[in-house]
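What the coordinates show
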Amino acid sequence: MDQFGLVGNWKHEGTYRTMDPAFESRQLRIFQKMVKGGLIYRHFRPVHWSPSSQTALAEAELQYEMHTSTSAYVGFSVVEESIPEALKSVIGQKKLKLLIWTTTPWTLPTNMGISVHPDFEYSLVSRNGHDTELLIVATSRLTSLSKLLGEYTVSGSIKGSALQGVVYWPLFHGGDIPDFTRPILTGHEVLDDAGTGLVHMAPSHGHEDYQSFLSRGLLQNNPLINIVDAHGRYTSAVQDVWGKAVAQRLVGLEVLFKGNKEVLALLEEDKSDGTKLLGIEKYRHRYPYDWRTKKPMIIRATAQWFANLDEIKERSLQSLDTVEFYPTASKRRLQAFIQERSEWCISRQRTWGVPIPFLHIAESGEAILDEASLDHIIALLEEKGTSYWWEGPIEEFIAPSLTAKYPANILTKGTDTMDVWFDSGTSWSSMQGGVADVYLEGSDQHRGWFQSSLLTAIAVSRETAVPQAPFKKLITHGFVLDDKGRKMSKSLGNVISPLTVINGGSNSKSEPAYGVDVLRLWAVSTQYSGDVAIGTVALKQAAETLRKLRVTARFLLGSLQDAVSDNRIRPTNLSLLDKYVLNELWNLERDAKQAYDTFAFHEVVASLSRFVNATLSSLYFDVSKDVLYADPSSSPNRLAILYVLNSTLQTMIPIIAPLVPYLAEEIQASLEGASGLSVFQRGWESVDQTWRDEGSQKDMEALLQVRKAVIDLLEKARTEKKIRSSLEADIQLILPDGTETSPLATLLYHEEAYLSRLFIVSNVTLENDQAKVFDQEWAFSELLQIPGYAYVQLQDSNVRGAGPIQRRKSNMFADVVKTP
């Protein structure tokens, strides 16, 4: 961390590590409190499952990618005896089929129902060439399905509600397969914007299907069908629903790949019950992937541990009212994720991690949710470490008060571990008082660490009157992209290592060593709340910004070599430009503090760049260098400039220190020597409040407009080779009669002696006689408008000079016209 210029106590006692015994102990005690509060329960239900990791994953661990599925249109045969009387006359001797559309054909063996909308109209469709069958399809979908259906006729229609009570056969039935039927259900969740208006329901592999069956009480006598193992492959249990012959072709196949294809092949081949597979098509859609392995997920019914969030949801949302969010929109994002979540799957099936320390009755799988048992187990793990859960004999984990009721030979230890978000989500317990000043992470952590930290903190503090989030401020950043706006990945070969930016790569030309400060300056220059790009152009821009800061510091340090003290100059000696620069310093510090307070680091960089480039380099350094180089050390003008330069350096050091600490330390060492205090030990001393001078700012801004026009005309004269240097020019500003008391005239007369320095010319005089202007060999003219002052007409003319050495000089005239 030190090499990145990150200040902190990186020693063991100054950081938290999720594998430290003390951390794990606090985590287990937090879990115990949640168990005691009735928030933890175990349930067999569908969860997001990663075949590539062989574990359940929470929603926060999913990464949605575009995915191509093979979808299928499949017909289920209705049991003739269940057909409503009103339809029998229409159907006659034909076989009635329910046409469904699914993007997961591999789930068809676990079908437990088909859902229709009670208010939709459904048509009975007869396809040409398939005269023995009638398909039930939502009438509103017929046009969209015309290619699939081919030529067809509609024999009749029926309301969805009239199909309630109708049952149908599984796709494979008879022979060695148990004789069972499946029901048609009605639900308002059925849509007709895709598919057929009939929905295949597999509660073992769909959250909505599961909730629908659970709410209807249909799972009490019809348990979930579990035919997919941890690797995402069909098990031998498939023969219980589709028979031994089908099972022989499916067992061991991965459901997302060969298993899916084999199901479609089986449906295509089997014509024993009419047409089963009417068509297939590729379907492109967003699909969940395992964020670690980047492999597709499935939904699979397993026994998992859950945290009930409904009990703490409102208090969690309430606690966010006192949190400062950067950017402010991130608050709504976190609120939305919490609001839509009712439970959290906290168990994982991994061989590493903090165990969920429950004993189970071997025969039933029931967990012993006894507080005395949990307290005994956690105390033992605190003494011997969490790894002892896997190593120690089960007898040691049985609480003395439970040995009579639960002999060791009927118990097993649970094999589940806690979600890593539960691990990191309890990190707030490492803080004194359990509240951190700042949480900083990427935008994906609204579903991860931010949320898990908040939920665990609120879960164990339900007795407090006012809920307290574990963070006072929450900062969200985006992700780093390459210079083409693509996500970085090893497969694309576009990953840029921070160490390569700092130390350089194998090719010094394409991957030069920029150093830490350039990397940091690139980071703080970006609008980090969104995704940011890094590449050659961005790094060169950051390097150029650092170069300008370094050149500015070198000029300041070089000018201050005689170590002039602030006390050697009084503010009364300051010129208007000196006062203007001090006022700009006051503005810079104010803007920097405000930006730092809101973590808007890019605004600090922008303010610094404007001050360095516009105020110092292009103006103050340019105007002051002749005095610094030519005036004696005791010159009041020189002392005033040194006061401003020293003030500039002392103000800039603490401003740049958080951005480019190595440059700041280098400057500080140049000022005080290597034995001096670090810039971070000196702290930030506020600037002199007397520097705030709005009057000087207004006056100087007016003079700078005149200066810009003068410089433009000088450049014209230089381009046409009338002059070589601006110091070859004398400037005359012509004021017409009646304007002597105008604000601009008053300002010009007051600053007349200083104008030659400001314009960097030999001499500047103010005239009110225009006659001199027009008796010249050449002239340049420009009309300048200064808001609130006057119109200014500038002329550049050629005239003979006088003196011991006759030389050609150019004079610049300005005619100040009173504003109408």
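The structure under discussion appears in the preceding block.
Just so it is clear, the model here is predicted, and its values are computed rather than measured. All chains use their own residue numbering, which begins from 1 and follows the written sequence. With the structure being a predicted model, the display of local features is reserved for residues of pLDDT at least 70 and the display and counting of side-chain atom pairs for 80 or more, all residues being used for whole-chain, interface and lining totals. Only hydrogens and water are set aside; all other atoms, that is, all heavy atoms of the structure, feed into the side-chain values.

By nonpolar core is meant a set of buried Ala, Val, Leu, Ile, Met, Phe, Trp, Tyr and Cys residues that side-chain atoms within 4.5 Å join together. Only protein chains enter the accessibility calculation, which uses a 1.4 Å probe; a residue whose area is less than 20% of its type maximum is buried, one above 50% is exposed, and one in between is partly exposed. Grouped together as the largest cluster of nonpolar side chains are 88 residues, with contacts concentrated most on Leu577, Tyr620, Leu645 and Leu758. No other element matches helix H18 (residues 601–630), which puts 12 residues into this core. Met112, Val228, Val238 and Leu277 belong to the second-largest nonpolar core, a separate cluster that totals 60 residues. Strands are runs of DSSP state E lasting at least two residues, helices are runs of H or I lasting at least four, and both sets are numbered from the N terminus onward.

Moving on: the packing of helix H9 (residues 329–339) against helix H13 (residues 449–459). An axis is simply a line fitted to the C-alpha atoms; with a helix, the fit covers only the stretch in contact. Between two such axes, the angle follows the N-to-C directions and lies from 0 to 180 degrees. Axis separation between H9 and H13 bottoms out at 11 Å; the angle between their running directions is 60°. As the angle between them shows, H9 and H13 are arranged oblique. Crossing of H9 against H13: the hand is right-handed. Each of Leu334, Phe337 and Ile338 in H9 lies in contact with H13, whose residues at this interface are Phe450, Gln451 and Leu454. Throughout this entry, Asp, Glu, Lys and Arg are counted as charged residues, while Ala, Val, Leu, Ile, Met, Phe, Trp, Tyr, Cys and Pro are counted as nonpolar. The remaining residues, Gly among them, count as polar. For the contact of H9 with H13, a count of residues per class yields 5 nonpolar, 1 polar and no charged. To sort the angles, those under 35 degrees are grouped as roughly parallel, those over 145 as roughly antiparallel, those from 65 to 115 as roughly perpendicular, and the leftovers as oblique. When the near helix sits turned anticlockwise from the far one by under a right angle, the crossing is termed left-handed; a clockwise turn instead gives a right-handed crossing. Note on definitions: a residue-residue contact is assigned when non-hydrogen atoms from the two residues lie within 4.5 Å.

Going from Tyr326 to Pro327, the amide bond is cis rather than trans, its omega being -5°. Take Pro327: it is sitting in the loop between strand S14 (324–326) and H9. We note that Gln54 has phi near 55°; this positive angle belongs to a residue other than glycine. When you line up the elements, Gln54 lands in the loop between strand S1 (40–50) and strand S2 (55–57). One non-glycine residue, Lys721, adopts positive backbone phi at about 60°. Tracing the sequence through the fold places Lys721 in the loop between helix H22 (694–719) and strand S24 (729–734).

On to the sheet that holds S2. Note: two strands are recorded as paired if DSSP finds a minimum of 2 bridges between them. The strand order across the open sheet formed by 4 strands is S2-S1-S13-S15, and the pairing between neighbours is antiparallel. Every other strand in the sheet has two partners, leaving S2 and strand S15 (343–345) as the edge strands with one partner each. Recorded for the sheet is a direction-independent mean angle of 60° between the axes of neighbouring strands. Here S1 runs beside S2; their pairing, made up of 3 bridges, is antiparallel. Residue His48 lies in a different strand from S2, and its bridge partner there is Leu57. Where helix H4 (residues 207–215) meets the sheet, it contacts S1 and strand S13 (298–308), and its direction lies at approximately 145° from that of S1.

An order of S8-S6-S7-S4-S3-S12 is seen for the 6 strands of this open sheet, with the pairing classed as mixed. At either end of the open sheet lies a strand with only one pairing partner, and these are strand S8 (152–159) and strand S12 (277–290). Strand-to-strand twist of the sheet, defined as the mean angle between neighbouring strand axes without regard to direction, takes the value 25°. The sheet contact formed by strand S3 (residues 62–77) and S12 spans 13 bridges and is antiparallel. Bridged to Leu62 within S12 is Asp290.

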